[in-house]
Every structure is written in structure tokens, then in C-alpha cells.
Amino acid sequence: MNILMITQNDPAGMAIAFTNAINRYTEHSCRLITSQDRYGILFEKDIHIPDIHDDDFGEVEQLLKDADIFHFHMLQDENSHLGPLVIRDYMKGKKIIHHHHGHPDFLINAQSFNEKYKKLGRKVIVSTPDLLKVAENSVWIPNLVPINDVQYQPRYDNTLPTEPIKICQAPTRKYDKHTEVFKQAISKLKVQKPHIEEVIIERRPHLECLSIKRKCHIVFDHMRGWFGISSLESLAQGKPVIAGLDEWNIRYIKEFTGADRLPWLVARDIDSLAKLLKRLVTEPEQRQRSGTYARKFMEQYWTEQHALQLLLSIYMTD
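Below you will find a few notes about this structure. In this text, all values refer to a predicted model and were calculated from it rather than measured experimentally. (Residues numbered from 1 in each chain as written. Predicted model: local features only at pLDDT ≥ 70, side-chain atom pairs only at ≥ 80, totals over all residues. Heavy atoms only, no water.)

1. Here's the deal with the overall build of the protein chain
Consideration 1: For the protein chain, the helix and strand inventory stands at 11 helices and 14 strands.
Consideration 2: A compact globule built from 318 residues would reach a C-alpha radius of gyration of about 20 Å, and the protein chain, at 20 Å, matches this within 12%.
Consideration 3: Judged by the C-alpha coordinates and their principal axes, the protein chain covers about 65 × 40 × 35 Å.
Consideration 4: A burial count over the protein chain gives 53% of its 318 residues as buried.
Consideration 5: Looking at the protein chain alone, contacts between residues at least 24 apart form 70% of all its contacts between residues at least 6 apart. (Helix = DSSP H or I, 4+ residues; strand = E, 2+ residues; numbered from the N terminus. Rg over C-alpha atoms; globule rule 2.2 N^0.38 Å. Buried < 20%, exposed > 50% of the residue type's maximum accessible area, 1.4 Å probe, protein only. Contact = heavy atoms within 4.5 Å.)

2. What about the sheet that holds strand β13 (residues 241–243)?
Consideration 1: Strand order across the open sheet formed by five strands is β11-β10-β12-β13-β14, with parallel pairing between neighbours. Each edge of the open sheet is held by one strand with a lone partner, namely β11 (196–200) and β14 (265–266).
Consideration 2: One ladder, built from two bridges, connects strand β12 (residues 218–220) with β13; its direction is parallel. When the bridges of β13 are listed, Phe-220 appears paired with Ile-242. (Pairing = 2+ DSSP bridges.)

3. As for unusual backbone geometry
Consideration 1: Positive phi outside glycine occurs at Asp-54, with the angle close to 60°.
Consideration 2: Judged by relative accessible area, which is 75%, Asp-54 ranks as exposed.

4. Some remarks on the pattern of salt bridges
Consideration 1: Across all of its chains, the model carries 13 salt bridges by this definition.
Consideration 2: Residue Arg-122 is joined to Glu-78 by a salt bridge in which the shortest nitrogen-to-oxygen separation is 3.2 Å. Here the residue Arg-122 occupies a position in the loop between α4 (110–120) and β8 (123–126), and Glu-78 occupies one in the loop between β4 (69–73) and β5 (81–82), the gap between them amounting to 44 residues.
Consideration 3: You can call Glu-78 buried: its relative accessible area is 10%. (Salt bridge = Lys/Arg side-chain N within 4 Å of Asp/Glu carboxyl O.)

5. Describing the packing of helix α1 (residues 14–25) against helix α11 (residues 304–316)
Consideration 1: Running from amino to carboxyl end, α1 crosses α11 at an angle of 90°, the nearest separation of the two axes being 10 Å. Relative to α11, α1 is oriented roughly perpendicular. Along its contact with α1, which presents Phe-18, Ala-21, Ile-22, Arg-24 and Tyr-25, the element α11 presents Glu-304, Gln-305, Leu-308, Leu-311 and Tyr-315. (Axes fitted to C-alpha atoms, helices over the stretch in contact; angles between N-to-C directions. Parallel < 35°, antiparallel > 145°, perpendicular 65-115°, else oblique.)

6. Overview of the state of the cysteines
Consideration 1: For the structure shown, the criterion picks out zero disulfides.
Consideration 2: Among the cysteines around Cys-216, which has no disulfide bond, Cys-168 carries the closest sulfur, lying 3.9 Å off.
Consideration 3: A residue is classified by how much of its surface remains accessible, and Cys-216, at 1% relative accessible area, is buried. (Disulfide = S-S within 2.5 Å.)

7. Some thoughts on the nonpolar core
Consideration 1: In this structure, Trp-140, Trp-264, Phe-297, Met-298, Trp-302 and Tyr-315 are the most contacted members of the largest nonpolar core, which totals 62 residues.
Consideration 2: Ranked by residues supplied to this core, first place goes to α1 with seven residues.
Consideration 3: When sequence neighbours within four positions are dropped, the list of residues in contact with Tyr-315 reads Met-1, Ile-3, Met-5, Ile-22, Ile-69, His-71, Lys-95 and Ile-97. (Core = buried A, V, L, I, M, F, W, Y, C linked by side-chain atoms within 4.5 Å.)

8. Description of the packing of aromatic side chains
Consideration 1: One pass over the structure, following the stated rule, counts 16 aromatic pairs.
Consideration 2: Taken together, the aromatic side chains of Trp-140, Phe-227, Phe-256, Trp-264, Tyr-293, Phe-297, Tyr-301 and Trp-302 make up a single cluster linked through ring pairs.
Consideration 3: Sitting over the ring of Trp-248, Arg-251 keeps its end group 5.4 Å from the ring centre.
Consideration 4: In this structure, Arg-261 is placed above the aromatic ring of Tyr-293, and the distance from its NZ or CZ to the ring centre is 3.8 Å. (Phe/Tyr/Trp six-rings, centres within 6.5 Å; stacked < 30°, edge-to-face > 60°. Lys NZ or Arg CZ within 6 Å of the ring centre and 35° of its normal.)

Now the structure itself:
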């Protein structure tokens with residue numbers, strides 16, 4: 001089976017992550033076409049439209065012809081163009097998947113998207129459980145990280161008495177990820193514990209971002225009820241991760257993993273965030289326990305193969 005993933009920018013690097021995982025672990029072939037860069041993150045690419053020279057779109061056209069499945073990410077659809085090629089001209093006989101990652105335009109106009117997908121009988125995937133409330137008749141396929149790649153391997157130094165203790169966040173959009181609340185909590189904590197350092201990572205190449213997070217001691221995601229790819233990356237690296245998971249997300253994560261205990265340290269407001277940060281800063285043994293379980297959880301419950309089973313079941317059903 002030939003799968004063609006198509007997106008403008010790669011949402012949190014998930015398009016290339018799924019592409020690589022399909023090619024690594026299954027007998028199927030997957031390719032990825034991207035047409036934009038955003039945020040300066042520089043995820044790995046396959047075919048990137050701006051990199052095509054001399055208007056040579058022959059490979060793109062061949063991939064469109066040969067694909068059995070068009071797997072659209074974000075807002076891409078059959079009316080999108082890839083250079084001079086319009087995707088709808090190559091739709092005959094293709095299975096169509098729409099994969100949504102919480103783009104604001106989708107959230108604002110969800111009803112029109114839902115009506116279109118219902119009318120056309122399209123399959124819809126969402127990247128986090130909260131989007132199940134927005135995208136009708138959708139299925140949650142968890143985001144994945146290649147936990148055995150070296151960038152995601154733990155460094156067992158969370159208990160070392162080195163200073164400062166680095167507490168980091170890697171928000172794509174600060175206004176959307178409680179960055180100001182995080183900074184306020186850090187400021188309050190610094191009054192009592194001046195040996196801590198706030199690390200805000202933004203607009204850095206992805207590999208550099210992973211390297212910085214790997215050297216930090218504590219990671220904060222956000223408190224919007226769900227979790228970002230930053231959570232999964234940091235859990236794989238064996239870091240204590242704080243996020244404001246709500247009961248809806250906790251329920252679906254437990255259903256997917258089968259785990260009774262989740263590794264996230266839950267904070268839903270500034271007071272609980274400050275309390276958790278203080279505990280992790282002052283108790284290195286707690287940092288070590290949380291980080292060790294985080295890595296164990298990812299190895300046991302959140303493998304690429306596990307998520308791929310769900311994705312392939314979507315691909316295979318009519």
C-alpha cells in the first residue's frame with residue numbers, strides 16, 4: 001500500500017514521524033510532501049515544494065498517481081495545490097484521511113469541516129483526545145516519538161547536585177501554552193530557591209530543542225487539559241513533566257495505554273504548578289523517581305508500533 005502524506009507545515013513533526021515509522025515498521029510505503037516552513041523548527045523533510053528547482057514536479061506527480069491513500073494533515077485537502085499540480089485531479093481510486101492537529105482555523109470553523117467530511121464519507125483522525133469533542137466521528141491516533149533514537153534517550157543526571165536546576169518549556173505559541181503563568185510561578189519560586197533557571201525554548205531547530213530539553217531537569221508543557229508533543233519528547237528523555245491534564249484526556253490516555261498510572265505530574269492552576277515545582281526542585285529523589293517512570297511508561301505503553309496499529313486499522317477499513 002502506498003501512502004502519501006500531504007501538509008503545509010509539518011505539525012509538531014508528526015507527519016515525518018509517522019512517515020518514518022510506517023516505512024520502518026510496516027511493509028507499506030509512505031512519502032511526505034510539505035509546502036511551508038513555520039516557526040523555524042526545521043523538522044526533517046522528504047519532498048519540500050520550495051526546494052524543487054526548474055519546475056521539475058515529475059516526482060510529485062508520480063507520487064500523486066501511485067498513492068492508494070492521501071493522508072492530509074492540518075487544513076490540506078483535495079483543493080490544495082502542489083506547485084502547478086492540483087490534488088483533486090488525482091483523486092480517482094484514493095482513500096482519503098483527514099488528520100487534524102488543533103489548527104485555529106479548524107477549531108473556529110469545525111462545523112463546516114464536519115459537514116464536508118460527513119457528506120463525502122471521509123475518515124477523520126485527531127492528534128489529541130480533546131479534539132474528539134470537536135471533530136465529529138473522529139478517531140484519536142496518538143502522536144508518537146521515536147523513543148530509541150539517541151535524541152530521546154535519557155540522561156540519568158536528575159539527582160546530581162549541580163546548579164542551577166533548569167526548568168524548561170518549549171511552547172510553539174506562548175499565548176496558548178500558559179507561558180506567562182509558568183514565568184510567574186518561577187519568579188515566586190526564585191525568591192526562596194534562587195538556584196533555579198527558567199528556560200523558554202522557542203523558534204529553535206528541532207534537534208537543538210531536544211538537546212536543550214535533554215539538559216534540563218524539569219519540563220512544563222501547559223495547562224489546557226491536553227498534552228503536547230513536548231510532553232511525549234520529555235517523558236521519553238526521562239524528565240519529570242508537568243501538564244494540566246483534565247479527566248477527559250486522562251480517560252482516553254488510560255484507554256490507549258492500559259496503564260493505571262500516568263507519568264504526568266498534574267497542575268491545573270498557578271498554585272498547584274508552584275507547589276509541584278517547589279517539590280521537584282527541593283527533592284532530587286522525586287525528580288529521579290518521576291523521570292525514571294516517565295521513560296519506563298514510554299517504553300512500555302507509547303511505542304511507535306502501538307500507535308501504528310491504530311493508524312493501519314483506519315487505513316484498512318472501508
